[in-house]
Amino acid sequence: MATIDLTRVNLTTPEADADGEAKTYWPGEFPENEYFKTLENGDLELWAPVLGASTQSTERTRTEFREISPNTRTLRNFTLSSKPNHYLRSALTMKSLPSNGKTVIGQIHVVDNDRPPLKLFFDNGKIRVGFRKTYNQVDPVNYVILQNVPLDAMFSYSIYAASTRAVKVSVQYGQNTGSIDLSFDSTWDSKKLYFKAGVYNQEDPTATTLSTSGSRALWHSLELLHY
């Protein structure tokens with residue numbers, strides 16, 4: 001049975017809202033449609049076709065959760081020092097990918113900036129981190145944490161950030177595990193951060209993109225912890 005508390009997240013999908021941008025749903029509004037559906041065992045199926053509505057900052061599409069204050073329409077942000085420990089933990093099964101094989105499955109993002117401190121990628125069977133040690137750093141540094149994770153196989157990940165600026169990302173697939181220890185510098189101390197998880201395509205749409213191209217995943221669990 002899936003363990004996902006949908007009172008603590010909103011959901012953005014590639015459906016177009018009244019302004020033609022990606023549509024966001026709040027607790028109590030979650031749809032049951034081609035982009036988001038609840039399976040009999042409680043798992044959530046997320047589908048993000050490459051062709052669809054996107055947010056203002058990108059042409060790339062997503063079906064992605066964003067942390068909020070429970071049961072509200074208020075976004076939840078945190079600073080590193082607000083609690084000693086901050087965790088995003090998920091278990092999922094990737095079912096399909098866009099033609100380039102790349103999608104983002106978890107993030108630490110930052111308010112009012114399009115250069116997030118951390119992105120976790122499913123990249124052609126590799127689980128890879130893109131990390132910015134410094135705020136507004138132009139290019140992230142990439143690290144492969146685990147290789148040979150196939151489609152249709154369940155795996156889990158943990159993204160941890162501490163008030164000490166320590167960062168750790170861990171991945172487990174069967175008996176195979178990988179992790180990396182990183183650290184932020186002081187430029188992140190005052191920044192408002194937030195967690196995201198889902199499928200966020202890393203492929204731009206073109207005139208030849210097929211309607212069947214995109215990221216599909218089964219989400220088995222999602223935990224957001226600050227303590």
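Everything here concerns the structure above.
The notes below deal with the structure included here. (Residues numbered from 1 in each chain as written. Predicted model: local features only at pLDDT ≥ 70, side-chain atom pairs only at ≥ 80, totals over all residues. Heavy atoms only, no water.)

Now for the pattern of salt bridges. Tallied over the entire structure, the rule returns 11 salt bridges. Notably, a salt bridge pairs Arg216 with Glu45, separated by 3.1 Å at the nearest N-O pair. In this pair, Arg216 is assigned in strand 16 (residues 214–226) and Glu45 in strand 5 (residues 44–49), connecting sequence segments 171 residues apart. Within this structure, Arg8, Glu67 and Arg76 form a network of salt bridges that share partners. (Salt bridge = Lys/Arg side-chain N within 4 Å of Asp/Glu carboxyl O. Helix = DSSP H or I, 4+ residues; strand = E, 2+ residues; numbered from the N terminus.)

Attention now goes to the sheet that holds strand 11 (residues 141–146). A sheet is described by the order of its strands in space; here eight strands give the open sequence 3-2-6-15-8-9-10-11, paired in antiparallel fashion. Two strands in the sheet have a free side with no partner beyond their single neighbour: strand 3 (22–25) and strand 11. Averaged over neighbouring strand pairs, the angle between their axes works out to 20° when direction is ignored. Inspection of the sheet shows strand 2 (residues 9–16) paired to strand 6 (residues 62–67) by four bridges, in the antiparallel sense. Counted as the bridge partner of Thr12 is Glu64 from strand 6. (Pairing = 2+ DSSP bridges. Axes fitted to C-alpha atoms, helices over the stretch in contact; angles between N-to-C directions.)

The values are spatial; any link to function lies outside them.
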